[in-house]
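This is what each chain is made of:
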Amino acid sequence: MLHNIAKLCQYRRKVFHILPHVRCATRRQLSTSALESPEVDVALSTGRILKISSGKYARFADGCSVVTIGDTAVMVTAVAKQKSQNASFLPLVVDYRQKSAAAGRIPTNFLRRELGPSEKEILSARLVDRSIRPLFPAEFRYDTQIVCNMLAIDSANPPDVQAINGASAALALSDIPWNGPVGAVRVGLVDNEAIINPTRKEMQLSSLDLVVTATRQNLVVMLEGRGNVVNENELRMAIKKGTKEAQLIINGIERLQKMYGKPKRPLEPLPAVDGEIQNAVQTMSEMRLREIFRDYSHDKFSRDQAVSKTRTDTIDKVWSSFPAADPGVISETFNKFVKGVFREMLLEEKRRCDGRGLDDLRKISCSVNLHKPLHGSALFQRGQTQVFCTVALDSPESALRLDPIASLDSGMRSKNFFLHYEFPPYATGETGKIGPIGRREIGHGALAEKGLVPIIPNEHPFTVRLTSEVLESNGSSSMATVCAGSMALMDAGVPVQEAAAGVAIGLITKYENNDTKHLQDYCILTDLLGIEDYMGDMDMKVAGTRRGMTAIQADIKVPGIPLKVVMEALQKSMEARFKILDLMDETIGASRTVRKDCWPVTDRLVIEAHQRAKLLGPGGTNLRRLYLETGVQLTPDDETSFRIFAPSEAAMHEAKEYLENLLKAEKIPDLEFGAIYTARIVELRDTGVMVTLYPSMPPTLLHNSQLDQRKIAHPSALGLQVGAEIQVKYFGRDPVSGYMRLSRKVLQGPATAMIRNLDRPGAAGATAGATTNPTTSGVEDVKS
């Protein structure tokens, strides 16, 4: 018995001795396998390699991928809740965060950390959102969050497009139901040649910056771009090239998904609606809805009120017939039916709810120079969309400074033209809180700014701020901003080469089984209404001049549309743009030659180097006083040249008078190089004596080395005192500091010139060229 117990203890000691080593080996094995992440390389047509990997980071997320191009790496995670919140839509949130640490920088704010999302982050998040949202199944209504995290950013490859590819890969690898993947590329245009994913330096030479997101079978999901007046044919070529290149990325993500993707979650079907309820909704509302949509006298509010009244009556009657039914289900059934009737009538009758044909524009009216104090103003009315734009011109110092990461991404440190877009709640007849600008306003303002930047001259002496206030909205207020902003810039005297205009293009499609590649029917709508945007499948906004495109943005609500439809929509937008520009030219043509008194002016001031201190004053007090009293700003270009900015001609005259009086006291007699002058000692220093040649002269230093031919340590060794007069020779001014160069020791020999005493009244105008008789004492006072 004791023998067996001893053997058991010995066995337990061996087991516990081995177990730690087994646990360590298992941990090492797990950690090693965790570092081995699946990865695919996508070779683009430019020869650049796009790497997509997964499995190494953020393994608690439903899906995670890291997209690397060059030294730029973006990690994107996808997480969706397991339970639905009974929402009637997809609650999708996309967060895009730029990290200063990813670029080896420290934030410059007070807390030295990343704060709220910047404008660039918001625009990039919207770019990702619009690329992936159309491919979620209609039954998927779970809270979903996509987080794009910058791991590393180089100075060549922007990360925003790769965030789209990262979101596509993360969703494809996850168990979240999604009909992707999609691929996204940036297309540049250099020397009429399309470049895929150009670097930052290549983008500086490119006339086009276009982001194309596409899915399988060359279906376009999203477009976003700006162009320096790009011809429509070149734009079409770039879209085709980008769509084709995106297929390479899609194939790479699909390979990764097949090998390492998770099985998709089963979708909970939406609550089935009783066929009798559907028939009741159709019976009670179809005729009334068709009458409403055929009544062309309706405007936005009367049409909405009529549809709302029909909704209320239908729900009440159906619910009274089916008391066991849920009113929410009846309401959702009615909403789907309204959308179906609206789309069916458009496809059948080719006539819109306001009586227009598919290619017709709404009535347009515009005016400029609305208020005298404004540098430039314009009002643009298109149907029930009304936008009021104003222009303010200011000094170059008012330029918008970009943060370091945005500068690294865009290659710009500041912008001398920027647009601010406002959409108050009264623009749609609603009440609401007016506070910080929202994501929608930032996106619309950025699009309108892209549309106007190419028509602003590069060499412009002012900073231009364009504000857009949407006073009424019933479709495409951002494109109305382009039209009104273009006229306001011309009204402000900005040397715009040609006007720009914008228009929104809509789309209604008919297809089965989610197959948008083979559309059964479709119609393209020019100059989109608000209800057509809500009920339709696409909102493509295109801005440009007569020569070409300046900005484009396409929001597509179906899982991609064929290239043929995209090209037709571009053609419709060009035709509509020409009509709008004709109307704008009639309004702005006569007023461009009128100069306004309120316009700012610029000039240049050139002074001597030694006058700079007098002009600035102690600590720049003179310049601050000039700005407070007249509003005029002086900006130094170099040591002797200043740029003057005045808010008006009157302010410029006042400022010049102030500067003339300021520098008048500094007028000095013309000093001749090599002449001898009488100097008065005003101060003794260890390094020399401070002397003046005339009463209003600021003291200048005569160094010990120039006092005597002997080496001295202090001026008192020569018996010099304050108030004594000595003779010095003038050798001009130092070209760097502007100080006088004087010497006394060179005069300790025979006199070669007459000594000038400028410390007497009237001596300033004396001739400096007289010579002295060698037999005289060599010292004379020059009198006027």
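For the structure itself, look to the data block above.
Residues numbered from 1 in each chain as written. Predicted model: local features only at pLDDT ≥ 70, side-chain atom pairs only at ≥ 80, totals over all residues. Heavy atoms only, no water.

(A) Quick peek at the pattern of salt bridges. Taken as a whole, this structure holds 44 salt bridges when the rule is applied. Here aspartate 585 ties to arginine 546 by a salt bridge, and the two come within 3.0 Å at their closest N and O atoms. Taken together, the residues aspartate 585 in helix H13 (residues 563-588) and arginine 546 in the loop between strand E20 (538-544) and strand E21 (549-556) connect sequence positions 39 residues apart. When its relative accessible area of 35% is taken as the criterion, aspartate 585 is described as partly exposed. (Salt bridge = Lys/Arg side-chain N within 4 Å of Asp/Glu carboxyl O. Helix = DSSP H or I, 4+ residues; strand = E, 2+ residues; numbered from the N terminus. Buried < 20%, exposed > 50% of the residue type's maximum accessible area, 1.4 Å probe, protein only.)

(B) Fine view of a nonpolar patch on the surface. The grouping of Phe110, Leu111 and Leu115 at the surface amounts to a nonpolar patch, some 390 Å² of accessible area in total. In this fold, leucine 115 is placed in the loop between strand E5 (92-97) and helix H2 (119-132). (Patch = residues over 30% accessible without salt bridge, like charges linked within 9 Å, V, L, I, M, F, W, Y side chains within 5 Å. Areas by Shrake-Rupley, 256 points an atom, 1.4 Å probe, with all protein chains shown as cover.)

(C) The environment of lysine 262, seen in detail. Inspection of the secondary structure assignment puts lysine 262 in the loop between helix H5 (232-260) and helix H6 (275-294). On the basis of relative accessibility, which here comes to 39%, the residue lysine 262 falls in the partly exposed class. For the pair formed by lysine 262 and leucine 173, sequence separation is 89 residues and the distance between their alpha carbons is 5.8 Å. Sequence-distant contacts of lysine 262, that is, excluding residues within four places in its chain, are made with Ala61, Asp62, Leu173, Ser174 and Asp175. (Contact = heavy atoms within 4.5 Å.)

(D) Here's a closer look at the packing of aromatic side chains. What the rule picks out here adds up to seven aromatic pairs. Look at phenylalanine 136 and tryptophan 178: their rings are 6.4 Å apart centre to centre, the planes differ by 55 degrees, and that puts the pair in the tilted class. Separated by 42 residues along the polypeptide, phenylalanine 136 in the loop between H2 and strand E6 (144-152) and tryptophan 178 in the loop between helix H3 (160-173) and strand E7 (183-190) bring together distant segments of the chain. When sorted by exposure, phenylalanine 136 lands in the same class as tryptophan 178, which is buried. Relative to tyrosine 142, the ring of phenylalanine 140 has its centre 5.0 Å away and its plane inclined at 45 degrees; by these criteria the two rings are tilted. (Phe/Tyr/Trp six-rings, centres within 6.5 Å; stacked < 30°, edge-to-face > 60°.)

(E) Up close: the nonpolar core. Counting residues in hydrophobic clusters, the biggest one holds 93 residues, and the most contacted among them are Ile52, Leu210, Leu223, Ile239, Phe380, Met540 and Ile580. Of the residues forming this core, the biggest block, 11 residues, is contributed by H13. With residues near it in sequence (within four places) discarded, phenylalanine 380 still touches Ile364, Ser365, Cys366, Thr385, Gln386, Val387, Ala480, Cys483, Ala484, Met487 and Ile580. In this structure, Leu90, Phe136, Ile153 and Ile176 belong to the second largest nonpolar core, which totals 36 residues. (Core = buried A, V, L, I, M, F, W, Y, C linked by side-chain atoms within 4.5 Å.)

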